[in-house]
Amino acid sequence: MASGEPEGMELHPEEAVENEEHLPGEIVRCSAGNLSYNEFFWRFMHKNWPVVITDVSRDWECSKQWTTVSKATDVNSNQPSSFPSEPSSAINFDYLKQKIDNCPVPVADCNSSYFNSHTKLELRFHDYLDRWRSSIEANRSSELNSNVDIRTTDNLYLKDWHLAAQMPGYNFYKVPKYFASDWLNEMLVDQKRDDYRFVYMGPKGSWTSYHSDVFGSFSWSTNIMGHKKWLIMPPGEEHKLNDRLGNVPFSIDEQLLEEHGVNYYTINQRANEAVFVPSGWFHQVWNLTDTISVNHNWFNACNIATVWQNLRSNLNAVREEISDCQIMDNFEAHCQTMLRASFGINYLDFIELLEFIADRRITQANKTSAQFLMFNSYTMNDYHVQYDLECLRKTLRQMSEDSTITQSPLQLSERCQKLKHRLEF
């Protein structure tokens, strides 16, 4: 993904600004050409506030090759009337089939649900594309010929596809600099483990159900083509929608939000725009047209405390769920196994990630080896490195006071203390 000299992620101390007393009226759009990394870091990421960043993906290979300029308006390129006029795009199915193998891909059926989630299935990639193209052509024929009534029932959304990991040599996109401080994928990609880098492809009408992101992480989503509608709410507002057992709804709409007095925002996302979703912001997303996007989940020094608190809360939930088994041998180890299964990581995984990031930042601070590149493209300045190290120290101090760690038979306390000493260089 790198081209020429690496770009610096320049971070500087935050300037004192007055805090907003009330929620702003809207989520702003900022052009990538005018938004510095430092401004994004302090104004949005550090304050856990969303933003739409425009002009981020025009030079990506997928933006140039996965789509074509449509010569005529059709169901593949329909734009909602609320969007300004812009060139219509169509999916380059032939290029995608030529470039990407006919591999198995994860698909959600948006017309079917199973236990408060869309029904999941697995298709071959080329088969998925063929079904999508056939649906587009059938709908076009139906619109052009009023005597033909061809109804397509497919509403299949290709989601959470690890294409970047599957084809590591295919540089189809570049992580925008704003999202390059990514502790989660920094470790997982380096260790060739299951990562949180995804491609989404779906027809008009496909959608993602109401949720907040895994671990309490940040996420970013860049549209390669198409338009999405987001309903998104600040942390805490989601409680207004929970039922008496604390369960969240499967789907929301404006009427439901208004009836429950929820403070929320609507985002209309166009092609070549990235939406930054902060930690704990519940949201639901609809594809208003046929849409392709690239998405990451990640966390870093700005929200590591949130991830740690979510990890603790989920462990408490696991303990409560199996509280009748407390007298069993290795109860704590069993809780950690269940925590990993339900939450995605456990205490040991979290400590290992902190150890990995600490190793890299200490090495960089000491300048004992060549500076590594974030996503093969970016370097961190000295202030950024020191900021990460201080957040690691603060997190380790909090963890060292946690009773689960101090009383664990799994030597978690020993590892935390060892890492604390290393960070006090």
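Please refer to the structure higher up on the page.
Procedures and definitions
Residues numbered from 1 in each chain as written. Predicted model: local features only at pLDDT ≥ 70, side-chain atom pairs only at ≥ 80, totals over all residues. Heavy atoms only, no water. Pairing = 2+ DSSP bridges. Helix = DSSP H or I, 4+ residues; strand = E, 2+ residues; numbered from the N terminus. Axes fitted to C-alpha atoms, helices over the stretch in contact; angles between N-to-C directions. 1 Å grid on protein atoms, 1.4 Å probe; cavity = no way out; pocket = protein on both sides within 12 Å on 5 of 7 lines; lining within 4 Å. Points joined across faces, edges and corners; volume = space filled by probe spheres on them. Nonpolar A, V, L, I, M, F, W, Y, C, P; charged D, E, K, R; others polar. Contact = heavy atoms within 4.5 Å. Buried < 20%, exposed > 50% of the residue type's maximum accessible area, 1.4 Å probe, protein only.

Trainee: Describe the sheet that holds strand β12 (residues 228–232), naming the residues involved and giving the relevant values.
Mentor: Strand order in the open sheet formed by four strands is β10-β15-β12-β13, with antiparallel pairing between adjacent strands. Because the sheet does not close on itself, it has two edges, and the strands there are β10 (207–211) and β13 (265–269). Between one strand axis and the next, the sheet turns by 15° as a mean value, whatever way the strands run. Relative to β13, β12 runs antiparallel, the two being bridged by five bridges. Bridging from a neighbouring strand, W230 pairs with I267 of β13.

Trainee: Please give an account of empty space enclosed by the protein that cites residues and values.
Mentor: Counted according to the given criterion, the structure contains one cavity of 30 Å³ or more. Taken as a whole, the largest cavity encloses approximately 70 Å³ of empty space. Lining the largest cavity, in full, are Y128, R131, W132, S135, D154, L156 and P203. Its residues assigned to classes, the lining of the largest cavity comprises four nonpolar, one polar and two charged.

Trainee: Account for the sheet that holds strand β9 (residues 197–202), naming residues and giving values.
Mentor: Strands in a sheet are paired, the pairing made by backbone hydrogen bonds, and the direction either parallel or antiparallel. Strand order in the open sheet made by the nine strands is β2-β3-β14-β11-β16-β9-β8-β6-β7, with mixed pairing throughout. Each of the sheet's edge strands pairs with one partner strand only, and the pair in question is β2 (29–31) and β7 (118–124). Put simply, the sheet's adjacent strands are angled 25° from each other on average, direction ignored. Contacts from helix α6 (residues 183–190) reach β9 and β16 (291–298), with the element oriented near 95° to β16.

Trainee: Give a description of the pairing of β16 that names residues and reports values.
Mentor: Across the eight residues of β16, eight count as buried, placing the element largely inside the fold. Relative to β16, β9 is paired through six bridges, and the arrangement is antiparallel. Bridging from a neighbouring strand, G202 pairs with T291 of β16. Of the pairings in the sheet, the one linking strand β11 (residues 218–225) to β16 comprises seven bridges and is antiparallel in character. Considered in β16, the bridge of M225 is made with I292.

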